[in-house]
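Given next are the chains, with one letter for each unit.
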Amino acid sequence: MTTVPHARTGGPVPRPAPPPVRRPRRFPAEGALVVVFGGAAAVLALWWRHTPSVVGLDGWLTGAGRITGLLAGYACAVLLALMARVPVLDRVVGTDRLARWHATGGRYTVFLALAHTALIIWGSSVSSRTNVIDQTATMVFEYEDLLQGTIGLLLLLGVGAVSARAARRRMSYETWHHLHFCTYLAVFLAFFHQLSNGADFVADRPARIAWYTLYLGVAALLLWNRFLTPVRRALRHRLRVAEVHPEAPGVVSVYVTGRRLAELGAQPGQFFRWRFLAPGHWWAANPFSLSAPADPRHLRITVKEAGGHSRAVARLRPGTRVWAEGPYGAFTAARRSSAKVLLLGGGVGITPLRPLFETLPGEVTLVYFARRAEDLALRGELDEIAAARGARVHYAVGEGAGTSLPLTADALGAVIPDLAAHDVYVCGPPGMTEAARRALRDAGVPRRRIHHESFAF
Amino acid sequence: MLRAVAATTATVAGLFLLLALKPHQSPTAAAAPPVEPTPGGSPSAVPSAPERDGTSGTFTGDTIDTARGPVQVRVTLAKGRLTAIAVLKGEHREGPSADALARLTKRALAAQNAKIDAVSGATFTSEGYRSSLQSALDRADG
């Protein structure tokens, strides 16, 4: 196991003038949460206004059932909105954080929907003095739109079950991703019983209109951002694969050409969701970071063989049409608050760091972790950039105890003096990112200066 | 795991709090303890109507908004006895509530009061029916 430290001292290189350092910018991600919870409070207020009293056991049960049902209905809309790839939301909150919120909220919502179902059935059976089985049958088959609602619930539970961590490990990203599309159907099916049976909507027209607005608004966002925008882009930019180039064992770069690429406004550190219109590819849009600054004629991604989809990327033929959604991601120069920047890359996590390394102003240091020296993809161009701008690169090769540069505060501090004064961008596999964050916190780097992006879905 | 426990606890506590803050007596019907169904063994037993001695006439109940739409009834009393109940609002042509109102009317005429069991599958309608009927009877008393 070797370390290959490439300390470069700056020669007479035309360096970009360091721009005025901006004040640490607080991203209003919490603002988005305030909106979400404000909406939930409004939903509770709706229930409060329509409920004069809670009488008896059945009153308590149906009351709790109505509240959980309202919240579940609201949460479904919010969860879809989080995944609607709204550019501003994506920039402000960050794609990975949106995905985390969606996952946490999704689990919670499945349980809300279950609680709603159980409480309403139980409450109604107490109120009408029938047993739970008969009551369930009556409600499912005779209440308006409840058969659809039941199918929606079962679909939601099914998706919840396959999304559980244990099940996730046994299936490919693609399979899981496509099963997830069933939730659109589930939410659609469950929508109608909310309005036809929900006590808070039947008698309240403004509430009904608000509910329709919420759901139709989310549907419009989804349609616009996840369907119309990619189609429009495809027509305007006519993206095609130009070349597939091997970089390291199992790692390839794909060059994509097209027209008017500057209009895309892609910044270093951002990614697109790529859909290659080739057999076995067209049905999946996978997120890959740009591994070079976008120029008006080329985009480049660098992909490691992971799931079935990324493995097949190596076999893409030049000329293949490409749809790209994006650019996405808040892992850009805008996050920086200090003039000194450290980039920590692990494995193929180097991809978004590579264009940042070239373009970030100020004093930039790159530490690149890989298992073996031959796994250091893009090494040649990283060395060139380092030489051109007088930046430093450290290559840390090895695994576990054998690594030459362990991810600890001491080891990092020895390589980077005044580590605590740096902004740190971290991108790599989840284990590496976590270790890096701990080490950086131990070294005194404030949390707001640690920027990371993980693509573990 | 810890987060799951926290989320569950917070949700249950929040639900409990919201429900506990509401009044626990029905605003229209005076707290009606669940009444046993009329004993089936004595179909000829004439239920008593103690409060409304002598009152005759028609009395219209409140319109009660339920999850399945408004329900309103009008009662006819003959010397304190409940002789007819007309449903002014709340008829459903389809679904579980279709014949629920007829059954509720039958039950109410048999019980001679509003303390009747809900019809299975028509919980909301039943609640609205009972409240409207109770308000009509209250009007007759007043």
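Here the structure is shown first, and the text comes after it.
Figured I'd write up the structure that's included with this text. (Residues numbered from 1 in each chain as written. Chains lettered and ligands numbered in written order. Predicted model: local features only at pLDDT ≥ 70, side-chain atom pairs only at ≥ 80, totals over all residues. Heavy atoms only, no water.)

Our next topic: the overall build of chain B. Tallying secondary structure elements over chain B gives three helices and four strands in all. Across chain B, helices and strands are ordered from the amino to the carboxyl terminus as α-β-β-β-β-α-α. Every one of the 142 residues in chain B was classed for burial, and the buried ones make up 38%. Once local pairs closer than 6 in sequence are excluded, the contacts in chain B between residues at least 24 apart make up 52%. Carbon together with sulfur atoms contributes 59% to the accessible area of chain B, which is approximately 7,700 Å² in total. (Helix = DSSP H or I, 4+ residues; strand = E, 2+ residues; numbered from the N terminus. Buried < 20%, exposed > 50% of the residue type's maximum accessible area, 1.4 Å probe, protein only. Contact = heavy atoms within 4.5 Å. Areas by Shrake-Rupley, 256 points an atom, 1.4 Å probe, with all protein chains shown as cover.)

One pass over the full model with this rule turns up 14 salt bridges over all chains. The partner of Asp423(A) in a salt bridge is Arg449(A), with the nearest N and O atoms 3.8 Å apart. With Asp423(A) in strand 11 (residues 423–427) and Arg449(A) in the loop between helix 16 (430–442) and strand 12 (450–452), this pair connects stretches of sequence that are 26 residues apart. Owing to a relative accessible area of 16%, Arg449(A) belongs among the buried residues under this scheme. The salt bridge partner of Arg139(B) is Asp62(B), with a shortest N-O separation of 2.6 Å. With Arg139(B) in helix 3 (residues 123–141) and Asp62(B) in the loop between strand 1 (57–60) and strand 2 (64–66), the pair connects residues that are 77 residues apart, well separated along the chain. Arg139(B) gets classed as partly exposed once you look at its relative accessible area, which sits at 42%. (Salt bridge = Lys/Arg side-chain N within 4 Å of Asp/Glu carboxyl O.)

All names here are of chain A. Here the structure, examined in full by the defined rule, presents 13 aromatic pairs over all chains. Plain terms: the ring middles of phenylalanine 191 and tyrosine 215 are 4.6 Å apart, the flat faces sit at 50° to each other, and that makes the pair tilted. With phenylalanine 191 in helix 9 (residues 182–197) and tyrosine 215 in helix 11 (residues 205–237), this pair connects stretches of sequence that are 24 residues apart. Tyrosine 215 carries the same exposure label as phenylalanine 191, and that label is buried. (Phe/Tyr/Trp six-rings, centres within 6.5 Å; stacked < 30°, edge-to-face > 60°.)

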